Amino acid sequence: MKHTTLIAAILILKLLNTTAQQFLDVSVISGTSVVHDGNQIIDMQIASGAAWLDYDNDGDLDLYVSMRTGANKFFRNLGNGNFQNVAAILGAADPDGDGGGVAVADFNNDGWQDIYLANSQGDRLLKNNGGISFTDITSTAFVDPNVGGPSRTPSASWGDYNKDGFLDLYISQHSPSPVFDPPPGATTQDFMFFNTGQETFVDVSSLLGIANLTNWGFIGAWTDFDHDDDMDIFLVNDCRPNSFPPPVYTRIFRNDGGTNALTWSFTEVSVAVGVNDCRNGMGVAVGDYNRDGWMDVFYTNIGPCVLFKNNHGVFEDVSAATQVNLPTAPLYSWGCAFMDYDLDGWQDISVMLGALSGAANMSNSPNYFFKNNGNGTFTDIAPQLGLAFPQKSRNGIYGDYDNDGDLDLYIVNYGDTCKLMRNELNNSKHWLQIDLVGKTCNRDGIGSKIQITTPNSVSQYYETRSGSNLGGGDSPYAHFGLDTQSLISEVKVKWPCGRLQSLYNVAVDQTLLIIEDTSVHVTKVWEGAIDTSWTNPDNWSFGTLPKVADYILIPANRPHYPKLGTGLLSVGSTVGNPNFVCGVLQIAQGAQMTTGVNTSIANHGDILIAGTLTVLKQTPPVITNHAASDIRIAPGGLLNVNH
């Protein structure tokens, strides 16, 4: 009996010890131990930033950390669990910027990730020179003086609003610095900049309505909340109800498209979609917590956190129902992230808490870590994971720095020691990490939608982005926990410029590199006001043709171009070299067209897709668009490239 009791006690102790050691502080032994220097500034203690990136393309995540009074830190991952600070060597220290947020992206599509520093004494754009050094190109990239002005910029984020293949930039500006004695030129207005593709940016903030951008903004997150295949902006504001000027509530800027980037159409729809919310919003996390394919939004607050469930483009506050509305007041919650820490296939939520300042009446509180229970509720397990330490935590960015398949956390503690928390998960669960490389789309594939499906018919969804948390940059890779599934039936990527690409029977426990398939030659992808209500035309009735036609010739000079109404048309076979030569091809909503092996489409006019065009990957390219032609993809239309 004593022997049995002893064994049971040992098992319980082992279980408790395993749970408690889920995350282990390895800051000192890894060489990333640094004390954030924010306490030396008597001002609003909100600015802090960090980001994971692979600046030298060696396959290991490096770490950039911003400071307020001194040089920033840039920790190069040596690949053996250790890091080396190379900020000065690379010319990326920025010692005078009064650092805040960090946003990483390959803005010029040269294959090397660049860094945008959201500062309080002038932002910086650091261009990556082939992994050897960085150059500050702010003065040549931006004409607008506010980018270098004395305004507190807690965060920045990248997204391609017009789908031209170059990432545009949104920056949030909170308050003047210092806030109680604003210097000349200080502003609280947020800004959006159009990327010209020539390493220069144009201020297009007016497209969003300046009145919507003038409150204390914390972060604008790019996401396609309404599934119309363009990037919208979810803006979290530090909304102060009794402030002057009047407060600006949470905002959603719906991307309504256009033909000219400088006159693009956005509509502010927060009231219509249910997020017209005035709270002290801080950080934001975007992810699909319930695996329904629609991106949900979590954001932090002075007081209980907020979780908005996305019901097909309309949001519902489910904070109480999901049990994430634990009290934080009078304390503050800051950075947050969706991440699957235990690889069970459900997105959990990390939340950083901490006092605003070091005043005697403000004590720190432990962080939260909400485990997704898989039934629509969450449970805080931060104490069990070793993440509930009481410091002024501001950011918790995730990334698999040691390439062991689980996600680690780097936590910025304001005015205190920052911590690299290594995930010590030790189980048999599987995972997949995806590294996207765009060709006609932006090089990082930011704005892509990824769906993976396992043999048990479970699908998970991920939307890639840069700029999240609160001035933080989570891993640039899409990461999926697979639980016990040992194979992935399909990986489907919808690239931000419209192309759909699928891979089948994918192995698990790997970082999968997916390069955008350009076997379909698209000279331009255009989305705008095109007729999406076509019916079978008078002069062309595809219903009279065989289900599989080996050869269809439609001269480019015909007065009536073909329109495919509802139904399915298959073109091509394995015999010969059939072609589909057309002037203008329209595929209506509900219509499908597929091409067979050895089929090519020589398009002398436009291809207008409101339904689905499915083509096989092959050489030579399936579609050859002539110089004056467009491939136009309407909202809901698909250009699907199958292998």
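Residues numbered from 1 in each chain as written. Predicted model: local features only at pLDDT ≥ 70, side-chain atom pairs only at ≥ 80, totals over all residues. Heavy atoms only, no water.

## Comments concerning the overall build of the chain
- A count of helices and strands for the chain gives seven helices and 50 strands.
- A total accessible area of about 23400 Å² is found for the chain, and carbon and sulfur atoms account for 54% of it. (Helix = DSSP H or I, 4+ residues; strand = E, 2+ residues; numbered from the N terminus. Areas by Shrake-Rupley, 256 points an atom, 1.4 Å probe, with all protein chains shown as cover.)

## A short note on the nonpolar core
- If you look at the biggest cluster of nonpolar residues, it comprises 36 residues, and the most contacted ones within it are Ile434, Ile450 and Val491.
- At the level of elements, strand E22 (332-339), helix H7 (382-385), strand E27 (408-413), strand E29 (430-437), strand E30 (449-453), strand E33 (478-483), strand E34 (488-494) and strand E36 (510-515) are the ones that each hand at least two residues to this core.
- Apart from residues lying up to four places away in sequence, Ile450 is in contact with Ile434, Leu436, Gln460, Tyr461, Tyr462, Thr464, Ala478, Phe480, Val491, Lys492 and Val493. (Core = buried A, V, L, I, M, F, W, Y, C linked by side-chain atoms within 4.5 Å. Buried < 20%, exposed > 50% of the residue type's maximum accessible area, 1.4 Å probe, protein only. Contact = heavy atoms within 4.5 Å.)

## Here we look at the sheet that holds strand E4 (residues 73-77)
- Strand order in the open sheet made by the five strands is E5-E4-E3-E2-E32, with mixed pairing throughout. Strands with a single pairing partner mark the edges of an open sheet, and in this sheet they are strand E5 (83-85) and strand E32 (472-473). (Pairing = 2+ DSSP bridges.)

## Looking at the sheet that holds strand E16 (residues 251-257)
- Taking strand neighbours across the sheet as the criterion, the four strands line up as E14-E15-E16-E17 in an open arrangement whose pairing is antiparallel. The sheet terminates laterally at strand E14 (217-223) and strand E17 (265-268), the two strands that pair on one side only. Strand-to-strand twist of the sheet, defined as the mean angle between neighbouring strand axes without regard to direction, takes the value 20°.
- Direction of pairing for E16 relative to E17: antiparallel, over a ladder of four bridges. (Axes fitted to C-alpha atoms, helices over the stretch in contact; angles between N-to-C directions.)

## Notes on the environment of Ile411
- Among the structural elements, Ile411 can be located in strand E27.
- For Ile411, a relative accessible area of 0% puts it in the buried group.
- C-alpha of Ile411 to C-alpha of Gly49: the two residues are 362 residues apart in sequence and 9.6 Å apart in space.
- Here Ile411 is in contact with Met352, Asn367, Leu387, Phe389, Ser393, Asn395, Gly396, Cys418, Lys419 and Met421, once residues within four sequence places are set aside.

## Focus on the pairing of strand E23 (residues 348-354)
- Summarising burial for E23: seven of the seven residues are buried, a large majority.
- Both faces of E23 are covered, namely the face carrying Asp348, Ser350, Met352 and Gly354 and the face carrying Ile349, Val351 and Leu353.
- As paired elements, E22 and E23 share six bridges and run antiparallel to each other. For Cys336, the partnering residue across the bridge sits in E23 and is Val351.
- Direction of pairing for E23 relative to strand E24 (residues 368-372): antiparallel, over a ladder of three bridges. When the sheet's bridge partners are listed, Ile349 is paired in E24 with Phe370.

## As for the state of the cysteines
- In this structure the tally under the stated criterion is one disulfide.
- One disulfide in the model links Cys441 with Cys497; its S-S distance is 1.9 Å. Looking down the S-S bond of the Cys441 and Cys497 bridge, the torsion is -75°, so its handedness is left-handed. Here the residue Cys441 occupies a position in the loop between E29 and E30, and Cys497 occupies one in the loop between E34 and strand E35 (499-506), the gap between them amounting to 56 residues.
- You can call Cys497 buried: its relative accessible area is 7%. (Disulfide = S-S within 2.5 Å.)

## As for empty space enclosed by the protein
- According to the stated counting rule, one finds three cavities of 30 Å³ or more in the structure shown.
- Estimates place the volume of the second largest cavity at around 50 Å³.
- Lining the second largest cavity, in full, are Asp288, Tyr289, Arg291, Gly345, Trp346, Gln347, Gln460 and Tyr461.
- Tallied by class, residues from the lining of the second largest cavity come to three nonpolar, three polar and two charged. (1 Å grid on protein atoms, 1.4 Å probe; cavity = no way out; pocket = protein on both sides within 12 Å on 5 of 7 lines; lining within 4 Å. Points joined across faces, edges and corners; volume = space filled by probe spheres on them. Nonpolar A, V, L, I, M, F, W, Y, C, P; charged D, E, K, R; others polar.)

## A short note on unusual backbone geometry
- If you check the backbone angles, Glu199 has positive phi at about 65° while not being a glycine.
- The topology assignment puts Glu199 in the loop between strand E12 (191-195) and strand E13 (201-203).
- A positive phi angle, near 60°, is found at His227, a position not held by glycine.
- Looking at the element boundaries, His227 is found in the loop between E14 and strand E15 (232-237).
- Taking relative accessible area as the criterion, His227 reaches 31% and is therefore assigned partly exposed.

## Some details on the pattern of salt bridges
- Inspection of every chain in the model, using the stated rule, returns 18 salt bridges.
- Here Asp229 makes a salt bridge to Lys449, at a shortest N to O gap of 3.2 Å. In this pair, Asp229 sits in the loop between E14 and E15 while Lys449 sits in strand E30, placing the two residues 220 residues apart along the sequence.
- Since its relative accessible area comes to 14%, Asp229 is described here as buried.
- A salt bridge links Arg279 to Asp317, with the shortest nitrogen-to-oxygen separation between them at 3.0 Å. With a gap of 38 residues between them, Arg279 in the loop between helix H5 (270-273) and strand E18 (284-287) and Asp317 in strand E21 (residues 314-317) connect regions that are remote in the sequence.
- Arg279 sits in the partly exposed class, given a relative accessible area of 24%.
- We classify Asp317 as partly exposed; its relative accessible area is 37%.
- Bridged by salt links that share partners, the residues Asp224, Asp229, Lys449 and Lys494 form one connected network. (Salt bridge = Lys/Arg side-chain N within 4 Å of Asp/Glu carboxyl O.)

## Considerations on the layout of surface pockets
- Reported here for the largest pocket is a volume of approximately 660 Å³.
- Lining the largest pocket we find 42 residues, and of these Gln113, Arg465, Ser475, Pro476 and Tyr477 sit closest to its centre.
- Counting only elements with at least two residues in the lining of the largest pocket, the list comes to strand E2 (50-53), strand E6 (99-105), E18, E22, E29 and strand E31 (459-463).
- Each residue belonging to the lining of the largest pocket can be placed in one class, and the counts come to 22 nonpolar, 11 polar and nine charged.
- Of the pockets and cavities examined, the second largest pocket occupies roughly 310 Å³.
- If you trace the second largest pocket, you find 16 residues lining it, with His227, Lys449, Gln451, Tyr461 and Lys494 closest to the centre.

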